[in-house]
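# Reading the structure
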Amino acid sequence: MTLTTSIHSPETTESRRERVEAAAYRIRHYGLNMGEVQGQGYVGQALGAADMFAAVYADQLRHRPEDPEWEGRDRFLLSTGHYAIGHYAALAEAGIVPVEELDTYGSDDSRLPMSGMSTYTPGMEISGGSLGHGLTIAVGTALGLRYQGSEARVFNFLSDGELDEGSTWEAAMGASHHQLGNLTAMVDINALQADGKTDSVLRTEPVADKWAACGWFVQRVDGNDMGALLAAFDAAAAQAGPEGKPSVILCDTKVGRGVPLLENREKAHFMRIEEHEWQLCREQLTAGYEGETK
Amino acid sequence: MSTTAATPAKPRLKTSAMIASFADPGQKTAPAPFGHALVKAAQENEKIVGLTADLGKYTDMHIFAQAYPERFFQMGMAEQLLFGAAAGMAQTGLVPFASTYSVFAARRAYDFLCLDAAEPNLNVNIVGGLPGLTTGYGPSHQATEDMAIFRGMPNLTIVDPCDSVDIEQAVPQLAASEGPTYLRLLRGNVPTVLDEYGYTFELGKAKVLRGGADVVFVSSGLMTMRALQAAKDLAAHNVDVAVVHTPTIKPFDAETVLAEVNTDRLVVTLENHTVIGGLFETVAAEVVKAGLGKRIVPVALPDEFLHAGALPTLHERYGLSVDRIIATVLGELEV
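Heads up: these notes are all about the structure in this document. (Residues numbered from 1 in each chain as written. Chains lettered and ligands numbered in written order. Predicted model: local features only at pLDDT ≥ 70, side-chain atom pairs only at ≥ 80, totals over all residues. Heavy atoms only, no water.)

## Here's the deal with the pattern of salt bridges
Spelled out, the test is: The rule for a salt bridge is simple: a side-chain nitrogen of Lys or Arg has to be within 4 Å of a carboxyl oxygen of Asp or Glu. In this description a helix means any DSSP run of H or I spanning at least four residues, a strand means any run of E spanning at least two, and both kinds are numbered starting from the N terminus. Burial classification: accessible surface area is computed with a 1.4 Å probe over protein chains only, and a residue below 20% of its type maximum counts as buried, one above 50% as exposed, and the rest as partly exposed.
Going through the model one piece at a time under the given rule, you end up with 25 salt bridges over all chains. Measuring nitrogen to oxygen at the nearest pair gives 2.7 Å for the salt bridge that ties Arg111(A) to Glu101(A). Separated by ten residues along the polypeptide, Arg111(A) in the loop between helix H3 (84-93) and helix H4 (134-147) and Glu101(A) in the loop between H3 and H4 bring together distant segments of the chain. Exposure remark for Glu101(A): the relative accessible area of 15% places this residue in the buried category. We note a salt bridge from Arg107(B) to Glu145(B), for which the minimum N-O separation is 2.8 Å. Here Glu145(B) lies in the loop between strand S5 (125-129) and helix H6 (146-150) and Arg107(B) lies in helix H4 (residues 102-108), a separation of 38 residues in the sequence.

And the structure:
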């Protein structure tokens, strides 16, 4: 089958999925390396959301790596600043940040601080971190681009914990009211937030019904199933346009995905990994990836 | 039953209505100076857009919305969205002016202005209605501490205009300046005062409006109007008063103000704001930094939640009226 929605040369569904899965594998690998340099970090989130980052940067986003501020680019807004570790890995995979620079993650004077900020990093559109901001900014970006006749799309990455913030729903209503068909939100539902499991901190389900009630085109997928993710992005793209329903892809993901040692560890917002475990994590990641692709 | 007997009209009382004018009876005014200035600026700068959070009619943004409906964006009663979206628009190269009431701008959506606009230093221009004590509606709408809240925000320029002249001249300069700004809006029929003083608004500059040998008033916002009237009236008491207008609160023109403060004259600051964290403390900090050891008398709102009531009643009660300013000065001079 030939895809028409991909920005890449015609390829089969299978080869496309494999190409993006390879990107996700490298993003996970970079994430582990960055975590090891710091000895800590949001590695669990980077691994869990790696497939979402890969789908965006290796498949969806129209951008120019050599010119991150190209006016016609699609915008990817990272609302969850602490996911920067995964985002930096994706920026490296996309050729916007040199791979070797990832070693500076979280260090003094690095362009790659622990929490993503637009003023530090090329390709980082907004300063996230204070949760509930990203979608409000995305509404303005989508309005501004449409008003100026741009066909660029806006992607906003947010998390299920962030759905606690009322501003997210102000923006959800605003996007629908203004018919922002050029806006796609992607929510990482890892069912975990700072104080514990999402359903014990503040119940957000039924998540899909909430977005639908706000007037969005809603899809819910396994966010670690690349085939399902790409199909959802295709469906979102198919109904994207300057005016229409904004689109949300709800992605159920697994913290630590791809590294069984971490997948099975007690889930924590800030995952502790012992010094000797990093190499083991990388080996498990590679073994799992090679096992799947054999 | 006969209904022909007319009900006697109730005596008209002074009220705590939300929208009230602080113009003196018979004073020269200009209608909606902000709205008209924004339309004029937008004619010359196609990047200017307007947003509001369900308060277009009450912040004079409706003038812009009528002139440029395609450049006006209604965000609903959602101030966090208002500021986040304004920042998003600025990131695409537009120059947004976003209006709401000052209480909501400062208290409710601070984080969004701070992180989405100020940290990346985007050209987002916030227009806050009902600053200080310009409504008798009560603490829910009286932004008596807005400057105190905003002064700590890096990159944010704060403008406290006196009258229609200030507003008309400030709007294009706010649009042209880099970085976020906050304008303490005076709306509706706004007094026109500064045209009599050969004055022009310059962003970041204080201006000496009149000289005087005995007292120096350092004032901002509508209190400059009161300061000028009080200075005229104090002449009858043989008190000669200078007036320095400081419409830009941040960055503050310390050089001009300190040159006026550093004399033997009585120094009085006048602001439509709580005595905490506004003009008085701004001037005091500069005086201390310069080592001047100078006493300053503040005319400002008290550190309290203010009463509801009619504006003239409240301005008299809290010391912002011309009569109260004169009494304060005469008391200090023990004339």
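So that's the structure; there's more coming.
## Quick notes on the nonpolar core
Quick note on the threshold: Definition of nonpolar core: a set of buried residues of the types Ala, Val, Leu, Ile, Met, Phe, Trp, Tyr and Cys, connected through side-chain atoms within 4.5 Å. The split into domains, and so the bounds of each, comes from an automatic or database assignment of domains. Residue contacts are counted whenever heavy atoms from the two residues lie within 4.5 Å of one another.
Counting 77 residues, the largest nonpolar core has Leu183(A), Trp211(A), Trp216(A) and Leu51(B) as the members making the most contacts within it. Lining this core are residues from two domains, each supplying at least three of them: domain 1 (29-191) and domain 2 (204-333) of chain B. With near-sequence residues (within four places) excluded, Trp211(A) lies in contact with Leu135(A), Leu158(A), Leu163(A), Thr168(A), Trp169(A), Ala172(A), Val187(A), Trp216(A), Val218(A), Val248(A) and Leu250(A). Judged by nonpolar contacts, the second largest core, of 65 residues, contains Val39(B), Val159(B), Leu183(B) and Ala231(B).

## Points about the sheet that holds strand S6 (residues 157-159) of chain B
All names here are of chain B. The test is simple: Should DSSP find at least two bridges between two strands, the strands are taken to pair. Fitting a line to C-alpha atoms yields each axis, with helices limited to the stretch in contact; the angle taken between N-to-C directions then spans 0 to 180 degrees.
Across the sheet, seven strands lie side by side as S3-S2-S4-S5-S7-S6-S12; this open sheet has mixed pairing. For this open sheet the edge positions go to strand S3 (72-74) and strand S12 (248-250), each flanked by a neighbour on one side alone. Within the sheet, the average angular offset between the axes of one strand and its neighbour, ignoring direction, is 20°. Examined bridge by bridge, strand S2 (residues 48-52) and S3 share three bridges and lie parallel to one another. Among the inter-strand pairings, Gly50 is bridged to a residue of S3, identified as Phe72. Of the strands in this sheet, S2, strand S4 (95-101), S5 and strand S7 (181-184) touch helix H1 (residues 33-44), which is tilted by about 145° from S2.

## Section: the interface of chain B and chain A
Here is the rule we go by: The term buried area means the drop in 1.4 Å probe accessible area that two parts suffer when joined, counted for both and summed. Nitrogen and oxygen atoms within 3.5 Å of one another constitute a polar contact, given that in protein one can donate a hydrogen and the other can accept it, and given that sequence-neighbouring residues count only through two side-chain atoms. Under the convention adopted here, Pro, Cys and the residues Ala, Val, Leu, Ile, Met, Phe, Trp and Tyr are nonpolar, Asp, Glu, Lys and Arg are charged, and Gly plus all remaining residues are polar.
Contact with chain B, which involves 25 residues of that partner, is made by 25 residues of chain A. In total, chain B and chain A occlude about 2000 Å² of area from one another, counting both sides; carbon and sulfur atoms represent 57% of this. One can count twelve residue pairs in polar contact (both at pLDDT 80 or more) joining chain B with chain A. Examining the composition of the side of chain B that touches chain A, we find that eight residues originate from one element, helix H3 (residues 79-91) of chain B, more than from any other. Split into classes, the residues belonging to the side of chain B that touches chain A amount to eleven nonpolar, six polar and eight charged.

## Some words on the side chain of Asp163(B)
All names here are of chain B. The topology assignment puts Asp163 in the loop between S6 and helix H7 (164-176). Reaching out from Asp163, the side chain makes a polar contact with the backbone nitrogen of Asp166 at a distance of 2.9 Å. Here the side chain of Asp163 touches Leu194 through a polar contact of 2.8 Å, landing on its backbone nitrogen. Not counting chain neighbours up to four residues away, the residues in contact with Asp163 comprise Leu186, Val190, Pro191, Thr192, Val193 and Leu194.

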